Amino acid sequence: MKKFILFIFLGVLSTSLFATQFITIGTGGVTGTYYPTGGTICKFVNKVKEKTNIRCSVESTGGSVYNINAIKSGELDFAIVQSDIVYQASKGIGKFKDKQFPKLRSILAIYPESLTLVTRKDANINSIMDIKGKRINIGNPGSGNELTALSMFKALNIQTTDLSYVGNLKASAMPDALRDNKIDGYFYMVGHPTANIKDASNSTDTKIVPIIGAKIDKFVKEHPYFTKTYIPAGLYRNNPEKIATFAVKAVLVASSDMSEKAVYTVVKQIMENFNEFKKAHLALTPITKKSFLEGLSAPLHSGSKKYFKEIGLIK
């Protein structure tokens, strides 16, 4: 009798394990905005795991380009990616020339993230062109940071050889490198405020440099996934004024092969916990339910369409 009960128990356990779908969200560096955002989404999904049999985990990664390739290879299920990188992968251009990813799908657009140039005040970098001859970190290979910075350099006719040092540190290593005077500045595409730049400005006298000018205006106009924006005033020590720059959207993406049920569950949990989601990070403050559908640069996944149609946000 005991053996019979044990077999039944093991059978039930086995069935429940096989029915569970495990999903992983790829993010970025732990001091950035992607990681806590991904963690919050997983928290919402895991709140209903007994009902949906979907369990979510978050993973720190090398950033946008890495995330796209990891979704393509099946290493990641979902990821947060800059909208410009999504556009290039979807179209097979730029960094993804001859590597088009036609199965790439948008789940929803999360928040705007601004290209930010954080510098040591004593480096005397007052405009974007002043980086020539300086030690600048452009981002780790495979990050959206690196790709956006290099695309902008091309528009400004800046060569990497114009810099005295080209850094490829990950986001988490940049504040310490600035403090230790190993670099004069770094580019970071991020939602504000971020712990990364707070760490930098609290340990070093910093200047966040505006990224403006006629060539920047032309660059933004030529790329539909960019928009002009400002970094709000007073977020970081010694930076009391608002700072003009440009931004992309941070977009949650997956492959079209990802199950409709999993995508529907993720979107539903974000929407049903919307007010709590906005409180997860100050970068999420400006978002609205409608803004989740703005700035998408790959087709919408069928699971997202299903939910957004149900609540009347799309027809």
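Up top is the structure.
A quick note: this is a predicted structure, and the numbers were derived from the prediction, not measured. (Residues numbered from 1 in each chain as written. Predicted model: local features only at pLDDT ≥ 70, side-chain atom pairs only at ≥ 80, totals over all residues. Heavy atoms only, no water.)

Caption draft 1: Region of interest: the overall build of the chain. What the chain contains, in helices and strands, is 12 helices and 10 strands. The C-alpha radius of gyration of the chain comes to 21 Å, within 12% of the 20 Å expected for a compact globule of 315 residues. Taking the principal axes of its C-alpha atoms as reference, the chain extends roughly 80 × 40 × 35 Å. Looking at the chain residue by residue over its 315 residues, the buried ones come to 51%. Contacts spanning at least 24 positions in sequence make up 74% of the contacts within the chain whose residues lie at least 6 apart. In the structure as shown, the chain presents an accessible area of about 14500 Å², 54% of it carried by carbon and sulfur atoms. When the 42 positive and 25 negative side-chain charges of the chain are each reduced to one mean point, those points stand 5 Å apart. (Helix = DSSP H or I, 4+ residues; strand = E, 2+ residues; numbered from the N terminus. Rg over C-alpha atoms; globule rule 2.2 N^0.38 Å. Buried < 20%, exposed > 50% of the residue type's maximum accessible area, 1.4 Å probe, protein only. Contact = heavy atoms within 4.5 Å. Areas by Shrake-Rupley, 256 points an atom, 1.4 Å probe, with all protein chains shown as cover. Lys, Arg positive; Asp, Glu negative; His and termini not counted. Charge placed at Lys NZ, Arg CZ, Asp CG, Glu CD.)

Caption draft 2: Focus on the packing of aromatic side chains. Taken as a whole, this structure holds 11 aromatic pairs when the rule is applied. For the ring pair Phe-274 and Phe-292, a centre distance of 5.9 Å and an interplane angle of 90° mean the geometry is edge-to-face. With Phe-274 in helix α11 (residues 274–278) and Phe-292 in the loop between α11 and α12 (302–310), this residue pair connects regions lying 18 residues apart in the sequence. The same class applies to Phe-274 as to Phe-292, namely buried. (Phe/Tyr/Trp six-rings, centres within 6.5 Å; stacked < 30°, edge-to-face > 60°.)

Caption draft 3: Local environment of the side chain of Arg-120. Along the chain, Arg-120 turns up in strand β4 (residues 104–120). Given a relative accessible area of 11%, Arg-120 falls into the buried group. Only 3.0 Å separates the side chain of Arg-120 from the side chain of Asp-122, close enough to count as a polar contact. Polar contacts involving the side chain of Arg-120 include one to the main-chain carbonyl oxygen of Arg-179, which spans 3.5 Å. Setting aside its immediate chain neighbours within four residues, Arg-120 contacts Leu-178, Arg-179, Asn-181, Ile-183, Asp-184, Thr-204 and Asp-205. (Polar contact = N/O pair within 3.5 Å; in protein donor to acceptor, adjacent residues only side chain to side chain.)

Caption draft 4: The arrangement of helix α10 (residues 260–272) in detail. In a regular helix each residue adds 1.5 Å, so 13 residues correspond to 18 Å; α10 covers 18 Å between its end C-alpha atoms and thus fits that length. Listed as buried for α10 are Ala-262, Val-263, Tyr-264, Thr-265, Val-266, Val-267, Gln-269, Ile-270 and Met-271. (Expected span 1.5 Å × (residues − 1).)

Caption draft 5: Molecular detail of unusual backbone geometry. Looking along the chain, the bond that leaves His-192 and enters Pro-193 is cis, with omega of -5°. For Pro-193, the location among the structural elements is in the loop between β7 (185–190) and α8 (195–203). The residue Asn-124 is not glycine, and still its phi comes out positive at about 55°. Its place among the elements puts Asn-124 in the loop between β4 and β5 (135–137). Backbone geometry at Asn-157 places phi at a positive 60°, although glycine is not the residue there. Examined against the element boundaries, Asn-157 turns out to sit in the loop between α6 (144–156) and β6 (165–167).

Caption draft 6: Geometry of the packing of helix α2 (residues 34–47) against α10. Closest axis-to-axis distance for the α2/α10 pair is 9 Å, and the angle between their directions is 100°. The pairing of α2 with α10 is recorded here as roughly perpendicular in orientation. Contacts from Ile-41, Phe-44 and Val-45 in α2 reach Val-266, Gln-269 and Ile-270 in α10. Its residues assigned to classes, the contact of α2 with α10 comprises 5 nonpolar, 1 polar and no charged. (Axes fitted to C-alpha atoms, helices over the stretch in contact; angles between N-to-C directions. Parallel < 35°, antiparallel > 145°, perpendicular 65-115°, else oblique. Nonpolar A, V, L, I, M, F, W, Y, C, P; charged D, E, K, R; others polar.)

Caption draft 7: Spotlight on the environment of Thr-288. Looking at where Thr-288 falls in the secondary structure, it is placed in the loop between α11 and α12. Residue classification places Thr-288 among the partly exposed residues on the basis of a relative accessible area of 39%.

Caption draft 8: The arrangement of the side chain of Asn-196 in detail. Tracing the backbone shows Asn-196 in helix α8. Only 2.7 Å separates the side chain of Asn-196 from the side chain of Tyr-186, close enough to count as a polar contact. Apart from residues no more than four positions distant in its own chain, Asn-196 is found in contact with Thr-31, Ala-171, Ser-172, Met-174, Pro-175, Tyr-186 and Tyr-188.

Caption draft 9: Quick look at the pairing of β7. For β7, the buried fraction is high: 6 of the 6 residues fall into the buried class. Every second residue of β7 is oriented toward a common face, with Gly-185, Phe-187 and Met-189 on one face and Tyr-186, Tyr-188 and Val-190 on the other, all of them buried. Looking at chain direction, β4 and β7 are connected through 6 bridges and run antiparallel. Counterpart to Thr-116 in the pairing with β7 is Tyr-188. Note: β5 against β7, 2 bridges, orientation parallel. Note that in β7 the partner of Ile-136 across the bridge is Gly-185. (Pairing = 2+ DSSP bridges.)

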